[in-house]
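Spelled out from the first residue to the last, the chains are:
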Amino acid sequence: MAWEAIAAIAEFIGAAGVIVSLLYLAYEVRRNTRILRADSNKDSARSRSDFNQWLSQHPSRDVLLRSFNPDESLESFSESDRQVLTLMFRSFAQLTESEYFQFRAGILESAVWEARRKTFRILIDFPVTKAVWENETKMPVYTKEFLASIESTEHEALSRETIWGLSAGDT
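All values derive from a computational prediction rather than experimental measurement.

Trainee: How do you make sense of the overall build of the protein chain when you look at a structure like this?
Mentor: In terms of helices and strands, the protein chain carries 7 helices and 0 strands. Put simply, the protein chain runs from its N terminus to its C terminus through helices and strands in the order α-α-α-α-α-α-α. Sorting the 171 residues of the protein chain into buried and exposed places 32% on the buried side. Taking the intrachain contacts of the protein chain between residues at least 6 apart in sequence as the baseline, contacts between residues at least 24 apart amount to 73%. Split by element, the accessible area of the protein chain, about 10,900 Å² in all, is 58% carbon and sulfur.

Take a look at the structure:
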């Protein structure tokens, strides 16, 4: 009988150990998920910051700023400037698509993705960037899921000045 009691106590202790291990594992998974999300949000912000820094120093930044003039058309740009615009735009779109997949994987916060998606949607509402985007969507550059997410985004028209933080007289 003593051996049966000892076996029962050992079994209880073993079960308690398994439960404690599972609780600890759940705690660590949650903690790691929070850390992963925080890193994803930080990386998203850093990528945007790096992109903005790159644009601010790019020799063709005036071409990009001009693309947000509602009175411009893609045809008014030289072939070389259209290529520059397309590559700049593609870089930004691919950054946004990367954020979309981080969101879909559950590692980019919903609020961050929604802000990124709205910003992108606003940017493609200008005549020049709209034309670039339409050309881009004809190529196999982006996933259908990303394209559908962007196209389904409610958007609001903002001025070039609002987007770039420019006063009405700055260009």
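On we go.
Trainee: Just checking my understanding: could you explain a nonpolar patch on the surface for this structure?
Mentor: Taken together, the side chains of Val18, Leu22, Leu25 and Val29 define a hydrophobic patch exposed on the protein surface, amounting to about 370 Å² of accessible area. Along the chain, the position of leucine 25 falls in helix 1 (residues 2–57).

Trainee: Teacher, can you tell me more about the nonpolar core here?
Mentor: Side chains of a nonpolar character, in soluble globular proteins, are inclined to be buried together. Counting residues in hydrophobic clusters, the biggest one holds 30 residues, and the most contacted among them are Leu85, Phe89, Phe120, Trp133, Phe146 and Ile150. Of all the elements, helix 3 (residues 79–104) adds the most residues to this core, at 8 residues. Contacts of phenylalanine 120, omitting those with residues within four sequence positions, involve Phe89, Phe92, Ala93, Thr96, Trp133 and Ile150.

Trainee: Could you clarify how one ought to interpret the pattern of salt bridges in this entry?
Mentor: Two side chains of opposite charge can pair, provided their charged atoms sit close to one another. Counting across every chain of the model gives 9 salt bridges. Arginine 82 is paired through a salt bridge with glutamate 79; the nearest N and O atoms lie 2.7 Å apart. Taken together, the residues arginine 82 and glutamate 79, both in helix 3 and 3 residues apart, mark about one turn of the helix. In this structure arginine 82 comes out as partly exposed when scored by relative accessible area, which is 24%.

Procedures and definitions
- Residues numbered from 1 in each chain as written.
- Predicted model: local features only at pLDDT ≥ 70, side-chain atom pairs only at ≥ 80, totals over all residues.
- Heavy atoms only, no water.
- Helix = DSSP H or I, 4+ residues; strand = E, 2+ residues; numbered from the N terminus.
- Buried < 20%, exposed > 50% of the residue type's maximum accessible area, 1.4 Å probe, protein only.
- Contact = heavy atoms within 4.5 Å.
- Areas by Shrake-Rupley, 256 points an atom, 1.4 Å probe, with all protein chains shown as cover.
- Patch = residues over 30% accessible without salt bridge, like charges linked within 9 Å, V, L, I, M, F, W, Y side chains within 5 Å.
- Salt bridge = Lys/Arg side-chain N within 4 Å of Asp/Glu carboxyl O.
- Core = buried A, V, L, I, M, F, W, Y, C linked by side-chain atoms within 4.5 Å.

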